[in-house]
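# Tertiary structure, described
Spelled out, the chains give:
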Amino acid sequence: MIIVPIENVTEGMVLEKDVASSSARDYKTLLMKGTMITSDMIDLLKSKGIKNITIKGGDEPKEEHVNAPVLSAAQAAEEIKNQHIGRALNELSSVFESEGEIKELSQKAMQQVDGIADDILVDIGNDSSYLGNQMIALQNYDDYTYKHCLRVAMLSTSIAHELHLPQHDIKEVIVSALLHDIGKSNIDHEIIVKPGKLTDDEFEKIKQHPFIGYEILKRSGGYSANVLSGVLFHQEKFDGTGYPTGLSGRKIPLIARIITVSDVFDALTSNRPYRRPWSVAETEEYMLGGCGVHFDYDVVAAFLRSFNPYPVGTMVSLSDGRHGVVVKHNTNVLRPVVRIHGAGTGEEIDLGGDFRFLSLMITGIYSGSYAG
């Protein structure tokens, strides 16, 4: 299978996986696995904001397309996870985008967040490949605070698992991450989405969002001190130059240090009106350089071990100008085994295990032609 940007999709390609919309209010399967792509379908996917699809490629056997395939156990499990994402987007949008200023969360909203946390705990805990694929899917669409919070919660879950936290603590990480930016709901939306540099006054308003969020959850009741501290301190920096209190080092609660890493990674790799998204390599290089200054090294190390940015099937560009598809993972997730595409060679190069390729690296997701 190969993950293909929608700009490179051509007629005749065959879907390896279902394509589902991720609109909070219109979540449904758009095209089913096995469908042969037509120009009308490409237009449909573009109109729905789809940025990537997974097509058949490599050595997979060809299959006849059927209108109503019987789902296998694995496909059924995948469908359940897709339903979880759809429900999470829908319910988080209602929590974050209520009319007027949010004073406290309703009992219904709190129950919705708790249910989303339970789903994430199960989905990511049982399937390590789920995170990378869903992060690609969830960055397909115009961004909103609640979508960012969902991605941060998923990333934070993987870090918490890698740090071997107890299940109860992991769920608190998820809940806190889901709500870490709830305070932004009470800040002028024009400031939140401003494409240019913020004025000093606007930035001062932005800096209030952790405390606003903390106050919302405190008034709502039912949230532990740990969950509250994740919301309040997620903008603190390891060297003490963050906000709102200037805490430093291990005085910053672990839950906040986890959310900080996830928050920055997602922010830098997501599209913004004022800049292009950073590549995974650029972002992880930045985060490693920020250890001891912005980030806790142990948390960053856990993140790098837990999150695979190049799921099997991702077409990537290499620093020597070639491109290929990821076919296998290594311990170092930035250096997988890549099957070179084109020229009919089918050569596989092991970026992590073959010393001949030490100077070769992935420079990003491939954006050229997928013919052949």
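Let me begin by describing the structure that accompanies this report. (Residues numbered from 1 in each chain as written. Predicted model: local features only at pLDDT ≥ 70, side-chain atom pairs only at ≥ 80, totals over all residues. Heavy atoms only, no water.)

### Considerations on the environment of D298
- Along the chain, the position of D298 falls in helix α13 (residues 297-306).
- According to the relative accessible area criterion, D298 is partly exposed, its value standing at 39%.
- With 41 residues separating them along the chain, D298 and R257 place their C-alpha atoms 9.7 Å apart.
- Look past the residues within four positions of D298 in its chain and what remains in contact with it is L163 and R250.
- A distance of 3.0 Å separates polar atoms of two side chains, one belonging to D298 and the other to R250. (Helix = DSSP H or I, 4+ residues; strand = E, 2+ residues; numbered from the N terminus. Buried < 20%, exposed > 50% of the residue type's maximum accessible area, 1.4 Å probe, protein only. Contact = heavy atoms within 4.5 Å. Polar contact = N/O pair within 3.5 Å; in protein donor to acceptor, adjacent residues only side chain to side chain.)

### Here's the deal with helix α10 (residues 225-233)
- Burial of α10 is extensive: 7 of the 9 residues sit out of reach of the surface.
- Residues V227, L228, S229, G230, V231, L232 and F233 constitute the buried set of α10.
- Looking at the packing, one finds that the buried side of α10 touches α6 (167-178), α9 (209-220) and α11 (254-269).

### Overview of the packing of α9 against α10
- Put simply, α9 and α10 touch, their axes get as near as 7 Å, and they point 160° apart. If you check the angle between α9 and α10, you find them roughly antiparallel. The residues of α10 that touch α9, namely those facing P210, F211, G213, Y214, L217 and K218, are V227, L228, V231 and L232.
- Class assignment of the residues belonging to the contact of α9 with α10 gives a composition of 8 nonpolar, 1 polar and 1 charged. (Axes fitted to C-alpha atoms, helices over the stretch in contact; angles between N-to-C directions. Parallel < 35°, antiparallel > 145°, perpendicular 65-115°, else oblique. Nonpolar A, V, L, I, M, F, W, Y, C, P; charged D, E, K, R; others polar.)

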